[in-house]
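Observations on the three-dimensional arrangement
The primary structure of each chain is shown beneath.
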Amino acid sequence: MSTDLLATARELRYRIIQMSHAAEAPHLASALSCVDLLTAYFFGKNSPDPAKAKDPGRDRFILSKGHAAIGLYATLAKRGYFPLGWLERFAQEGAELAEQPAPGCAPGVELATGSLGHGLPVGIGLALGARLQKKSAKVVVLMSDGECQEGSVWEAAMFAPAQRLSHLTVWVDYNKWQATGRSPEVMAMDPLVDKWKAFGWRAREIDGHDIQAVAQAMSESPDPEGRPTAWVAHTVKGKGVSFMENDNNWHYRIPTVEEVAKAGKELGQA
Amino acid sequence: MRNYFAKRITDWAQKDEKIVLLSGDIGNRLFDKFKESCPGRFYNCGVAEANMVGVAAGLAIQGFRPVCYTIAPFLTYRAMEQIRVDLGYHHLPVILVGTGGGLSYASLGGTHHSCEELGMLRLIPGMNVAAPGDARELEMILSHSLHSSSPTYIRIGKKGEPVIHPTPLKASPGQPLCLSTGKDVALVACGTILPEVVLAAEHLKRDGITASVFSQPYLKPFADQEWNKIFQEHRLVVSVEEHSRLGGLGGALAEWKSNKPKSSPLLRLGTPDEFLHRTTDQEGARKYFHLDAEGIGKSVKDFLRS
(Lines give C-alpha, C1' and ligand atoms only; values in the text may rest on other atoms or scores of the structure.)
Protein backbone atom coordinates (compact mmCIF):
# COMPACT_ATOMS: atom_id res chain seq x y z
CA MET A 1 0.00 0.00 0.00
CA SER A 2 2.68 2.46 1.00
CA THR A 3 4.49 2.25 -2.36
CA ASP A 4 1.21 3.06 -4.07
CA LEU A 5 0.55 5.95 -1.75
CA LEU A 6 4.03 7.34 -2.31
CA ALA A 7 3.68 7.05 -6.07
CA THR A 8 0.24 8.67 -5.92
CA ALA A 9 1.55 11.54 -3.81
CA ARG A 10 4.41 12.13 -6.27
CA GLU A 11 2.01 12.15 -9.18
CA LEU A 12 -0.32 14.57 -7.38
CA ARG A 13 2.56 16.91 -6.53
CA TYR A 14 3.58 17.13 -10.16
CA ARG A 15 -0.04 17.68 -11.22
CA ILE A 16 -0.40 20.49 -8.68
CA ILE A 17 2.74 22.20 -9.92
CA GLN A 18 1.48 21.97 -13.49
CA MET A 19 -1.86 23.42 -12.46
CA SER A 20 -0.24 26.30 -10.60
CA HIS A 21 1.86 27.06 -13.67
CA ALA A 22 -1.00 26.78 -16.17
CA ALA A 23 -3.45 28.90 -14.19
CA GLU A 24 -0.84 31.16 -12.60
CA ALA A 25 -2.39 30.18 -9.29
CA PRO A 26 -0.53 30.95 -6.06
CA HIS A 27 -0.30 29.00 -2.78
CA LEU A 28 1.60 26.17 -4.43
CA ALA A 29 3.83 25.48 -1.43
CA SER A 30 0.81 25.37 0.90
CA ALA A 31 -0.74 22.69 -1.29
CA LEU A 32 2.48 20.68 -1.51
CA SER A 33 2.83 20.54 2.27
CA CYS A 34 -0.48 18.70 2.71
CA VAL A 35 -0.36 16.33 -0.29
CA ASP A 36 0.66 13.37 1.85
CA LEU A 37 -2.23 14.02 4.23
CA LEU A 38 -4.67 14.27 1.32
CA THR A 39 -3.27 11.15 -0.32
CA ALA A 40 -3.47 9.13 2.89
CA TYR A 41 -7.05 10.23 3.49
CA PHE A 42 -8.40 9.69 -0.02
CA PHE A 43 -6.33 6.65 -1.01
CA GLY A 44 -5.54 4.95 2.29
CA LYS A 45 -7.42 2.23 4.13
CA ASN A 46 -11.13 3.09 4.72
CA SER A 47 -10.92 5.97 2.24
CA PRO A 48 -14.30 7.38 1.23
CA ASP A 49 -16.07 6.03 -1.84
CA PRO A 50 -16.46 8.66 -4.60
CA ALA A 51 -19.66 6.90 -5.70
CA LYS A 52 -21.15 7.95 -2.36
CA ALA A 53 -20.17 11.61 -2.66
CA LYS A 54 -23.81 12.66 -2.34
CA ASP A 55 -24.86 10.08 0.26
CA PRO A 56 -26.40 12.02 3.18
CA GLY A 57 -24.72 9.70 5.67
CA ARG A 58 -21.24 10.00 4.16
CA ASP A 59 -18.04 10.89 5.95
CA ARG A 60 -17.10 14.52 5.32
CA PHE A 61 -13.73 16.04 4.62
CA ILE A 62 -13.28 19.80 4.87
CA LEU A 63 -10.20 21.48 3.49
CA SER A 64 -10.38 24.43 5.82
CA LYS A 65 -7.13 25.85 4.40
CA GLY A 66 -8.95 26.68 1.19
CA HIS A 67 -5.87 28.28 -0.34
CA ALA A 68 -4.50 24.75 -0.83
CA ALA A 69 -7.46 23.92 -3.07
CA ILE A 70 -5.34 22.74 -6.00
CA GLY A 71 -4.13 19.94 -3.75
CA LEU A 72 -7.69 18.87 -2.98
CA TYR A 73 -8.83 19.19 -6.60
CA ALA A 74 -5.96 17.10 -7.95
CA THR A 75 -6.58 14.46 -5.27
CA LEU A 76 -10.33 14.26 -5.85
CA ALA A 77 -9.94 14.05 -9.63
CA LYS A 78 -7.34 11.30 -9.34
CA ARG A 79 -9.64 9.42 -6.96
CA GLY A 80 -12.49 9.64 -9.47
CA TYR A 81 -14.75 12.27 -7.91
CA PHE A 82 -14.88 14.23 -11.16
CA PRO A 83 -13.21 14.13 -14.58
CA LEU A 84 -9.51 14.91 -14.88
CA GLY A 85 -10.50 17.41 -17.58
CA TRP A 86 -11.77 19.71 -14.85
CA LEU A 87 -8.18 20.13 -13.69
CA GLU A 88 -7.12 21.25 -17.15
CA ARG A 89 -9.72 24.02 -17.09
CA PHE A 90 -8.89 24.92 -13.48
CA ALA A 91 -9.35 28.64 -12.74
CA GLN A 92 -10.18 29.49 -16.34
CA GLU A 93 -13.17 31.73 -17.08
CA GLY A 94 -16.34 29.84 -16.18
CA ALA A 95 -14.52 26.66 -15.09
CA GLU A 96 -15.91 24.26 -12.49
CA LEU A 97 -12.95 24.78 -10.19
CA ALA A 98 -11.87 28.21 -8.96
CA GLU A 99 -8.63 29.09 -7.17
CA GLN A 100 -10.44 28.54 -3.90
CA PRO A 101 -13.50 26.32 -3.64
CA ALA A 102 -16.98 27.76 -4.20
CA PRO A 103 -20.10 26.24 -2.58
CA GLY A 104 -21.05 22.96 -4.23
CA CYS A 105 -18.41 23.38 -6.95
CA ALA A 106 -17.49 19.71 -7.20
CA PRO A 107 -18.27 16.33 -5.65
CA GLY A 108 -16.05 15.85 -2.62
CA VAL A 109 -15.77 19.57 -1.90
CA GLU A 110 -17.92 19.86 1.20
CA LEU A 111 -17.46 23.54 1.99
CA ALA A 112 -16.46 26.77 0.30
CA THR A 113 -13.33 27.80 2.12
CA GLY A 114 -10.66 30.43 1.68
CA SER A 115 -11.32 32.59 4.70
CA LEU A 116 -9.53 30.82 7.52
CA GLY A 117 -11.11 29.53 10.72
CA HIS A 118 -14.44 28.47 9.24
CA GLY A 119 -13.94 24.76 8.65
CA LEU A 120 -13.84 23.59 12.26
CA PRO A 121 -17.07 25.23 13.48
CA VAL A 122 -18.89 23.96 10.40
CA GLY A 123 -17.29 20.55 10.88
CA ILE A 124 -18.67 20.50 14.42
CA GLY A 125 -22.14 21.25 13.05
CA LEU A 126 -21.77 18.41 10.54
CA ALA A 127 -20.68 16.00 13.27
CA LEU A 128 -23.49 17.10 15.60
CA GLY A 129 -25.98 16.74 12.75
CA ALA A 130 -24.77 13.24 11.93
CA ARG A 131 -25.02 12.25 15.57
CA LEU A 132 -28.54 13.70 15.87
CA GLN A 133 -29.51 11.55 12.90
CA LYS A 134 -27.89 8.55 14.58
CA LYS A 135 -25.37 8.17 11.77
CA SER A 136 -21.84 7.06 12.46
CA ALA A 137 -20.33 9.41 9.87
CA LYS A 138 -16.92 10.88 10.60
CA VAL A 139 -15.82 14.43 9.93
CA VAL A 140 -12.24 15.39 9.17
CA VAL A 141 -11.07 19.02 9.05
CA LEU A 142 -7.67 19.85 7.59
CA MET A 143 -6.34 23.20 8.76
CA SER A 144 -3.18 25.20 8.29
CA ASP A 145 -0.98 26.34 11.13
CA GLY A 146 -1.52 30.00 10.33
CA GLU A 147 -5.23 29.25 10.48
CA CYS A 148 -4.84 28.24 14.12
CA GLN A 149 -4.30 31.94 14.83
CA GLU A 150 -8.00 32.59 14.22
CA GLY A 151 -10.07 32.96 17.37
CA SER A 152 -12.94 30.95 15.91
CA VAL A 153 -10.66 27.88 15.85
CA TRP A 154 -10.28 28.04 19.62
CA GLU A 155 -13.95 28.75 20.20
CA ALA A 156 -14.60 25.57 18.25
CA ALA A 157 -11.77 23.76 20.01
CA MET A 158 -13.52 24.37 23.35
CA PHE A 159 -16.94 23.40 22.05
CA ALA A 160 -16.22 20.05 20.35
CA PRO A 161 -14.88 18.26 23.48
CA ALA A 162 -17.78 19.67 25.53
CA GLN A 163 -20.09 17.94 23.06
CA ARG A 164 -17.96 14.77 23.13
CA LEU A 165 -17.64 14.69 19.38
CA SER A 166 -15.41 11.66 19.07
CA HIS A 167 -16.21 11.34 15.36
CA LEU A 168 -14.51 14.65 14.62
CA THR A 169 -10.83 14.78 13.70
CA VAL A 170 -8.62 17.78 13.06
CA TRP A 171 -5.41 17.62 11.07
CA VAL A 172 -3.11 20.62 11.40
CA ASP A 173 -0.67 20.93 8.52
CA TYR A 174 2.09 22.39 10.68
CA ASN A 175 4.59 23.53 8.06
CA LYS A 176 5.84 26.36 10.31
CA TRP A 177 5.25 29.07 7.72
CA GLN A 178 2.44 31.48 7.07
CA ALA A 179 2.09 33.94 4.21
CA THR A 180 4.76 36.37 5.31
CA GLY A 181 6.69 34.78 8.15
CA ARG A 182 7.41 31.80 10.36
CA SER A 183 4.15 30.93 12.06
CA PRO A 184 5.64 29.99 15.47
CA GLU A 185 7.39 33.37 15.51
CA VAL A 186 4.47 35.51 14.31
CA MET A 187 2.28 33.98 17.00
CA ALA A 188 3.21 31.78 19.95
CA MET A 189 2.00 28.59 18.26
CA ASP A 190 4.16 26.21 20.23
CA PRO A 191 3.64 23.88 21.89
CA LEU A 192 0.76 23.36 19.49
CA VAL A 193 -0.11 19.79 20.41
CA ASP A 194 -0.27 20.75 24.08
CA LYS A 195 -2.75 23.46 23.25
CA TRP A 196 -5.10 20.92 21.70
CA LYS A 197 -4.59 18.56 24.64
CA ALA A 198 -5.31 21.36 27.08
CA PHE A 199 -8.53 22.09 25.25
CA GLY A 200 -9.70 18.53 25.84
CA TRP A 201 -8.73 16.77 22.62
CA ARG A 202 -7.03 13.44 22.11
CA ALA A 203 -4.06 15.17 20.51
CA ARG A 204 -0.92 13.69 19.05
CA GLU A 205 1.99 14.64 16.83
CA ILE A 206 3.00 12.88 13.67
CA ASP A 207 5.42 13.25 10.79
CA GLY A 208 3.03 14.54 8.15
CA HIS A 209 5.18 13.14 5.37
CA ASP A 210 5.38 9.60 6.74
CA ILE A 211 2.50 8.66 4.56
CA GLN A 212 2.15 5.15 5.94
CA ALA A 213 2.02 6.40 9.52
CA VAL A 214 -0.49 9.06 8.51
CA ALA A 215 -2.68 6.49 6.75
CA GLN A 216 -2.50 4.30 9.84
CA ALA A 217 -3.45 7.24 12.07
CA MET A 218 -6.41 8.05 9.83
CA SER A 219 -7.80 4.55 10.12
CA GLU A 220 -7.74 4.58 13.92
CA SER A 221 -11.01 4.20 15.80
CA PRO A 222 -12.61 7.20 17.50
CA ASP A 223 -11.51 7.83 21.06
CA PRO A 224 -13.37 5.48 23.43
CA GLU A 225 -13.39 8.30 25.97
CA GLY A 226 -15.40 10.45 23.57
CA ARG A 227 -12.83 13.14 22.90
CA PRO A 228 -12.40 14.55 19.41
CA THR A 229 -8.98 13.85 17.91
CA ALA A 230 -6.38 16.38 16.76
CA TRP A 231 -3.24 15.47 14.85
CA VAL A 232 -0.49 18.03 14.64
CA ALA A 233 1.27 16.94 11.47
CA HIS A 234 4.83 18.24 11.17
CA THR A 235 5.30 19.11 7.54
CA VAL A 236 7.57 21.00 5.20
CA LYS A 237 6.18 23.82 3.12
CA GLY A 238 6.80 23.10 -0.56
CA LYS A 239 7.51 19.44 0.25
CA GLY A 240 8.74 17.21 -2.57
CA VAL A 241 10.68 19.70 -4.67
CA SER A 242 14.15 20.60 -3.45
CA PHE A 243 14.10 24.21 -4.56
CA MET A 244 10.64 24.86 -3.12
CA GLU A 245 11.02 23.22 0.28
CA ASN A 246 11.10 25.73 3.12
CA ASP A 247 11.36 28.65 0.70
CA ASN A 248 8.38 30.79 1.58
CA ASN A 249 8.55 32.68 -1.71
CA TRP A 250 6.58 29.74 -3.04
CA HIS A 251 3.59 30.81 -1.02
CA TYR A 252 2.87 33.16 -3.91
CA ARG A 253 5.38 32.39 -6.69
CA ILE A 254 4.27 30.76 -9.91
CA PRO A 255 6.67 28.17 -11.38
CA THR A 256 8.12 28.79 -14.85
CA VAL A 257 8.16 26.17 -17.63
CA GLU A 258 11.73 25.27 -16.67
CA GLU A 259 10.87 24.97 -13.00
CA VAL A 260 7.93 22.73 -13.79
CA ALA A 261 10.23 20.46 -15.82
CA LYS A 262 12.86 20.43 -13.09
CA ALA A 263 10.26 19.62 -10.43
CA GLY A 264 8.86 16.88 -12.66
CA LYS A 265 12.27 15.28 -12.90
CA GLU A 266 12.77 15.39 -9.15
CA LEU A 267 9.37 13.79 -8.66
CA GLY A 268 10.15 11.12 -11.27
CA GLN A 269 7.27 12.28 -13.45
CA ALA A 270 8.80 14.04 -16.45
CA MET B 1 -41.19 39.45 22.70
CA ARG B 2 -38.39 37.11 23.73
CA ASN B 3 -40.79 35.07 25.90
CA TYR B 4 -43.13 34.82 22.96
CA PHE B 5 -40.24 33.68 20.78
CA ALA B 6 -39.27 31.00 23.31
CA LYS B 7 -42.83 29.74 23.51
CA ARG B 8 -43.41 29.61 19.77
CA ILE B 9 -40.10 28.07 18.80
CA THR B 10 -40.79 25.38 21.40
CA ASP B 11 -44.23 24.71 19.88
CA TRP B 12 -42.76 24.50 16.39
CA ALA B 13 -39.83 22.35 17.41
CA GLN B 14 -42.18 19.83 18.99
CA LYS B 15 -43.79 19.38 15.59
CA ASP B 16 -40.64 19.64 13.48
CA GLU B 17 -37.67 17.52 14.48
CA LYS B 18 -35.41 19.48 12.16
CA ILE B 19 -35.47 22.55 14.39
CA VAL B 20 -32.35 22.83 16.55
CA LEU B 21 -31.88 25.74 18.93
CA LEU B 22 -28.44 27.21 19.59
CA SER B 23 -28.06 29.80 22.30
CA GLY B 24 -25.10 32.06 23.03
CA ASP B 25 -25.31 31.59 26.79
CA ILE B 26 -28.44 33.65 27.33
CA GLY B 27 -32.07 32.89 28.09
CA ASN B 28 -31.60 31.41 31.55
CA ARG B 29 -34.69 29.21 32.16
CA LEU B 30 -36.26 30.66 29.00
CA PHE B 31 -35.82 27.42 27.09
CA ASP B 32 -36.47 24.90 29.87
CA LYS B 33 -39.56 23.62 28.10
CA PHE B 34 -37.69 23.36 24.81
CA LYS B 35 -34.91 21.34 26.44
CA GLU B 36 -37.41 19.08 28.12
CA SER B 37 -39.64 18.48 25.10
CA CYS B 38 -36.93 18.36 22.39
CA PRO B 39 -34.05 16.41 23.94
CA GLY B 40 -30.73 16.73 22.11
CA ARG B 41 -31.85 19.74 20.11
CA PHE B 42 -30.80 22.57 22.39
CA TYR B 43 -27.16 23.62 22.57
CA ASN B 44 -25.72 26.29 24.77
CA CYS B 45 -22.82 27.29 22.52
CA GLY B 46 -21.24 29.44 25.20
CA VAL B 47 -19.84 32.90 24.72
CA ALA B 48 -18.54 32.08 21.27
CA GLU B 49 -20.79 33.53 18.60
CA ALA B 50 -18.55 32.91 15.60
CA ASN B 51 -18.41 29.22 16.42
CA MET B 52 -22.16 29.12 17.03
CA VAL B 53 -22.93 30.44 13.54
CA GLY B 54 -20.47 28.00 11.94
CA VAL B 55 -21.99 25.11 13.87
CA ALA B 56 -25.43 26.20 12.68
CA ALA B 57 -24.16 26.13 9.09
CA GLY B 58 -22.92 22.55 9.53
CA LEU B 59 -26.26 21.51 11.01
CA ALA B 60 -28.10 23.14 8.11
CA ILE B 61 -25.93 21.26 5.62
CA GLN B 62 -27.02 18.08 7.39
CA GLY B 63 -30.65 19.05 6.76
CA PHE B 64 -31.54 20.69 10.06
CA ARG B 65 -33.17 24.08 10.64
CA PRO B 66 -30.91 25.71 13.19
CA VAL B 67 -32.03 28.79 15.08
CA CYS B 68 -29.27 30.83 16.73
CA TYR B 69 -30.33 33.03 19.61
CA THR B 70 -28.36 35.62 21.51
CA ILE B 71 -28.08 39.37 22.10
CA ALA B 72 -28.37 41.20 18.79
CA PRO B 73 -25.03 43.05 18.67
CA PHE B 74 -23.02 39.98 19.69
CA LEU B 75 -24.81 37.68 17.27
CA THR B 76 -24.35 40.02 14.33
CA TYR B 77 -21.26 42.21 14.74
CA ARG B 78 -19.14 39.51 16.34
CA ALA B 79 -20.05 36.78 13.88
CA MET B 80 -20.42 38.97 10.81
CA GLU B 81 -18.00 37.06 8.60
CA GLN B 82 -19.44 33.70 9.61
CA ILE B 83 -22.88 35.02 8.70
CA ARG B 84 -21.59 36.26 5.37
CA VAL B 85 -19.54 33.22 4.37
CA ASP B 86 -21.07 30.24 6.16
CA LEU B 87 -24.72 31.29 5.85
CA GLY B 88 -24.83 33.82 3.01
CA TYR B 89 -22.32 32.43 0.52
CA HIS B 90 -23.59 28.88 1.09
CA HIS B 91 -27.18 30.11 1.19
CA LEU B 92 -28.19 27.98 4.16
CA PRO B 93 -31.59 28.25 5.85
CA VAL B 94 -30.34 29.25 9.29
CA ILE B 95 -32.44 31.63 11.38
CA LEU B 96 -30.62 34.17 13.51
CA VAL B 97 -32.66 35.73 16.27
CA GLY B 98 -31.04 38.77 17.86
CA THR B 99 -32.67 39.73 21.12
CA GLY B 100 -32.51 43.15 22.74
CA GLY B 101 -32.25 44.79 19.34
CA GLY B 102 -31.86 48.50 18.68
CA LEU B 103 -31.96 50.46 21.92
CA SER B 104 -33.76 47.77 23.97
CA TYR B 105 -30.72 47.43 26.20
CA ALA B 106 -29.91 51.13 26.24
CA SER B 107 -29.17 50.95 29.95
CA LEU B 108 -26.39 48.40 29.42
CA GLY B 109 -24.34 50.82 27.38
CA GLY B 110 -23.14 51.13 23.82
CA THR B 111 -21.73 47.59 23.68
CA HIS B 112 -25.31 46.32 23.89
CA HIS B 113 -26.91 48.67 21.38
CA SER B 114 -27.49 47.54 17.82
CA CYS B 115 -28.30 50.44 15.55
CA GLU B 116 -26.23 49.36 12.56
CA GLU B 117 -26.79 45.64 12.19
CA LEU B 118 -29.88 45.71 9.98
CA GLY B 119 -27.97 47.72 7.39
CA MET B 120 -24.94 45.45 7.61
CA LEU B 121 -26.94 42.26 7.18
CA ARG B 122 -29.14 43.73 4.47
CA LEU B 123 -26.02 43.95 2.29
CA ILE B 124 -25.44 40.20 2.37
CA PRO B 125 -26.74 38.69 -0.87
CA GLY B 126 -29.75 36.40 -0.39
CA MET B 127 -30.16 37.21 3.29
CA ASN B 128 -33.61 38.02 4.64
CA VAL B 129 -33.68 40.71 7.29
CA ALA B 130 -36.60 41.64 9.51
CA ALA B 131 -37.34 43.52 12.72
CA PRO B 132 -40.86 42.68 13.92
CA GLY B 133 -42.86 45.44 15.62
CA ASP B 134 -44.86 43.14 17.87
CA ALA B 135 -45.49 39.49 18.70
CA ARG B 136 -47.89 39.02 15.80
CA GLU B 137 -45.29 40.21 13.34
CA LEU B 138 -42.76 37.93 14.97
CA GLU B 139 -45.15 35.01 14.60
CA MET B 140 -45.56 35.70 10.89
CA ILE B 141 -41.85 36.23 10.24
CA LEU B 142 -40.88 33.09 12.14
CA SER B 143 -43.36 31.16 10.07
CA HIS B 144 -41.96 32.63 6.84
CA SER B 145 -38.40 31.89 7.82
CA LEU B 146 -39.08 28.33 8.93
CA HIS B 147 -40.37 27.68 5.41
CA SER B 148 -37.70 29.66 3.59
CA SER B 149 -34.61 28.28 1.88
CA SER B 150 -32.68 31.48 2.71
CA PRO B 151 -30.87 32.58 5.85
CA THR B 152 -32.90 35.05 7.90
CA TYR B 153 -31.98 37.56 10.57
CA ILE B 154 -34.78 38.51 12.95
CA ARG B 155 -34.18 41.37 15.35
CA ILE B 156 -36.49 41.21 18.34
CA GLY B 157 -36.91 43.40 21.43
CA LYS B 158 -36.79 42.38 25.08
CA LYS B 159 -39.89 41.66 27.13
CA GLY B 160 -43.17 43.42 27.67
CA GLU B 161 -43.63 45.02 24.25
CA PRO B 162 -47.32 45.65 23.54
CA VAL B 163 -49.20 43.72 20.87
CA ILE B 164 -50.22 46.27 18.25
CA HIS B 165 -51.89 44.30 15.48
CA PRO B 166 -55.45 43.35 16.51
CA THR B 167 -55.46 40.02 14.67
CA PRO B 168 -52.95 37.45 13.41
CA LEU B 169 -51.17 38.54 10.25
CA LYS B 170 -51.07 36.95 6.86
CA ALA B 171 -48.84 38.79 4.43
CA SER B 172 -46.05 37.80 2.12
CA PRO B 173 -42.47 38.55 3.16
CA GLY B 174 -41.55 42.16 2.46
CA GLN B 175 -45.03 43.64 2.36
CA PRO B 176 -45.77 46.79 4.37
CA LEU B 177 -48.48 46.20 6.96
CA CYS B 178 -51.09 48.93 7.17
CA LEU B 179 -52.38 49.78 10.65
CA SER B 180 -54.40 52.89 9.89
CA THR B 181 -54.95 55.28 7.03
CA GLY B 182 -54.69 59.04 6.86
CA LYS B 183 -54.46 61.55 4.06
CA ASP B 184 -51.38 63.59 4.79
CA VAL B 185 -48.35 61.63 5.79
CA ALA B 186 -47.35 57.97 5.95
CA LEU B 187 -45.48 57.01 9.09
CA VAL B 188 -43.56 53.78 8.56
CA ALA B 189 -42.05 51.89 11.48
CA CYS B 190 -39.48 49.15 11.44
CA GLY B 191 -39.13 47.15 14.66
CA THR B 192 -40.32 47.68 18.21
CA ILE B 193 -40.54 51.46 17.77
CA LEU B 194 -44.00 50.71 16.32
CA PRO B 195 -46.08 51.78 19.40
CA GLU B 196 -44.29 55.16 19.44
CA VAL B 197 -45.24 55.63 15.81
CA VAL B 198 -48.87 54.74 16.48
CA LEU B 199 -48.87 57.29 19.29
CA ALA B 200 -47.16 59.89 17.12
CA ALA B 201 -49.98 59.56 14.58
CA GLU B 202 -52.44 60.38 17.35
CA HIS B 203 -50.42 63.43 18.37
CA LEU B 204 -50.34 64.64 14.78
CA LYS B 205 -54.08 64.22 14.46
CA ARG B 206 -54.57 66.73 17.27
CA ASP B 207 -52.61 69.18 15.16
CA GLY B 208 -54.80 68.51 12.13
CA ILE B 209 -52.35 66.23 10.33
CA THR B 210 -53.74 62.83 9.47
CA ALA B 211 -51.25 60.02 9.15
CA SER B 212 -51.34 56.51 7.78
CA VAL B 213 -49.37 54.11 9.93
CA PHE B 214 -47.47 51.24 8.37
CA SER B 215 -45.19 48.68 9.84
CA GLN B 216 -42.41 47.48 7.57
CA PRO B 217 -40.70 44.72 9.54
CA TYR B 218 -38.86 43.36 6.53
CA LEU B 219 -35.91 45.19 5.05
CA LYS B 220 -35.29 42.24 2.75
CA PRO B 221 -37.24 41.23 0.82
CA PHE B 222 -38.72 44.68 0.22
CA ALA B 223 -42.01 44.91 -1.69
CA ASP B 224 -41.14 47.54 -4.30
CA GLN B 225 -44.53 47.94 -5.96
CA GLU B 226 -46.32 48.74 -2.69
CA TRP B 227 -44.20 51.83 -2.17
CA ASN B 228 -45.33 53.45 -5.42
CA LYS B 229 -48.79 53.61 -4.01
CA ILE B 230 -47.77 54.76 -0.55
CA PHE B 231 -45.61 57.58 -1.92
CA GLN B 232 -48.37 58.58 -4.35
CA GLU B 233 -51.05 58.74 -1.70
CA HIS B 234 -49.17 60.84 0.86
CA ARG B 235 -47.34 64.12 0.63
CA LEU B 236 -44.64 62.88 2.97
CA VAL B 237 -43.33 59.46 3.92
CA VAL B 238 -41.53 59.16 7.27
CA SER B 239 -39.39 56.21 8.24
CA VAL B 240 -38.91 55.56 11.95
CA GLU B 241 -36.52 53.01 13.43
CA GLU B 242 -34.16 52.31 16.30
CA HIS B 243 -31.38 52.14 13.79
CA SER B 244 -29.01 54.45 12.04
CA ARG B 245 -30.61 56.66 9.42
CA LEU B 246 -28.14 54.94 7.13
CA GLY B 247 -28.73 51.44 5.87
CA GLY B 248 -31.94 50.51 7.64
CA LEU B 249 -35.55 51.27 6.69
CA GLY B 250 -34.72 54.88 5.86
CA GLY B 251 -31.78 53.75 3.78
CA ALA B 252 -33.84 51.13 1.97
CA LEU B 253 -36.57 53.65 1.15
CA ALA B 254 -34.02 56.23 0.01
CA GLU B 255 -32.54 53.64 -2.34
CA TRP B 256 -36.00 52.77 -3.60
CA LYS B 257 -36.73 56.46 -4.21
CA SER B 258 -33.49 57.19 -6.00
CA ASN B 259 -34.91 56.48 -9.47
CA LYS B 260 -38.30 58.02 -8.75
CA PRO B 261 -37.61 61.75 -8.73
CA LYS B 262 -41.28 62.72 -8.75
CA SER B 263 -42.24 60.79 -5.64
CA SER B 264 -43.14 62.57 -2.39
CA PRO B 265 -40.29 63.43 -0.06
CA LEU B 266 -38.92 61.00 2.51
CA LEU B 267 -38.03 61.98 6.06
CA ARG B 268 -35.73 59.48 7.73
CA LEU B 269 -35.91 59.32 11.52
CA GLY B 270 -33.41 57.12 13.27
CA THR B 271 -30.17 57.38 15.17
CA PRO B 272 -27.58 59.88 13.92
CA ASP B 273 -23.91 59.16 13.25
CA GLU B 274 -23.27 58.96 16.96
CA PHE B 275 -22.84 56.38 19.72
CA LEU B 276 -25.08 56.90 22.71
CA HIS B 277 -22.84 57.89 25.62
CA ARG B 278 -25.65 58.87 27.98
CA THR B 279 -26.67 56.81 31.01
CA THR B 280 -30.31 56.11 30.31
CA ASP B 281 -32.86 53.43 29.48
CA GLN B 282 -34.72 52.67 26.26
CA GLU B 283 -37.33 55.32 26.93
CA GLY B 284 -34.67 57.90 27.65
CA ALA B 285 -32.65 56.89 24.62
CA ARG B 286 -35.68 57.29 22.36
CA LYS B 287 -36.28 60.74 23.82
CA TYR B 288 -32.63 61.67 23.36
CA PHE B 289 -32.74 60.68 19.70
CA HIS B 290 -36.21 62.26 19.22
CA LEU B 291 -37.64 58.83 18.48
CA ASP B 292 -40.37 58.97 21.11
CA ALA B 293 -43.91 59.81 19.95
CA GLU B 294 -43.46 63.46 20.79
CA GLY B 295 -40.12 63.70 19.03
CA ILE B 296 -41.45 61.95 15.95
CA GLY B 297 -44.47 64.27 15.82
CA LYS B 298 -42.29 67.34 16.19
CA SER B 299 -39.88 66.23 13.44
CA VAL B 300 -42.81 65.66 11.09
CA LYS B 301 -44.35 69.04 11.83
CA ASP B 302 -40.98 70.80 11.46
CA PHE B 303 -40.46 69.12 8.11
CA LEU B 304 -43.92 70.02 6.84
CA ARG B 305 -43.39 73.65 7.89
CA SER B 306 -39.98 73.88 6.25
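Residues numbered from 1 in each chain as written. Chains lettered and ligands numbered in written order. Predicted model: local features only at pLDDT ≥ 70, side-chain atom pairs only at ≥ 80, totals over all residues.

1. Details of unusual backbone geometry
Cis geometry marks the peptide bond from A:Asp190 to A:Pro191, where omega comes out at -5°. Examined against the element boundaries, A:Pro191 turns out to sit in the loop between helix 8 (183-186) and helix 9 (192-198). B:Lys220 connects to B:Pro221 through a cis peptide bond whose omega is -5°. With respect to the helices and strands, B:Pro221 occurs in the loop between strand 10 (218-220) and helix 9 (224-233). (Helix = DSSP H or I, 4+ residues; strand = E, 2+ residues; numbered from the N terminus.)

2. Side note on the domain arrangement of chain B
All names here are of chain B. In terms of domain boundaries, chain B breaks down into domain 1 (2-155) and domain 2 (177-305). The centre of domain 1, based on its C-alpha atoms, is set 26 Å off from the matching centre of domain 2. Every contact between the two is made by 24 residues of domain 1 and, on the other side, 28 residues of domain 2. Residue composition of the side of domain 1 that touches domain 2, grouped by class: ten nonpolar, nine polar and five charged. (Domains from an automatic or database assignment. Contact = placed C-beta atoms within 7 Å. Nonpolar A, V, L, I, M, F, W, Y, C, P; charged D, E, K, R; others polar.)

3. Notes on the interface of chain B and chain A
Contacts between the two partners involve 21 residues from chain B and, on the opposite side, 21 residues from chain A. Sorting the residues of the side of chain B that touches chain A by element identifies helix 3 (49-61) and helix 5 (80-89) of chain B as the ones contributing at least two each. Among the elements that make up the side of chain B that touches chain A, the one with the highest residue count is helix 3 of chain B (nine residues). Partitioning the side of chain B that touches chain A into residue classes produces eleven nonpolar, eight polar and two charged.

4. Thoughts on the sheet that holds strand 2 (residues 139-144) of chain A
Consider a sheet: its strands pair through backbone hydrogen bonds, and that pairing is either parallel or antiparallel. All names here are of chain A. Within the open sheet, the five strands sit side by side as 1-2-3-7-6. Their pairing is parallel. On the outer flanks of this sheet lie strand 1 (60-63) and strand 6 (202-207), each paired with one strand and no other. Across this sheet, the average inter-strand angle for adjacent strands is 20°, counted without regard to direction. Sheet analysis places strand 2 next to strand 3 (residues 168-174), joined by six bridges and oriented parallel. Across the sheet, Val141 pairs through a bridge with Val170, a residue of strand 3. Its contacts with the sheet place helix 10 (residues 211-218) against strand 6 and strand 7 (229-234), and it is angled at close to 160° to strand 6. (Pairing = 2+ DSSP bridges. Axes fitted to C-alpha atoms, helices over the stretch in contact; angles between N-to-C directions.)

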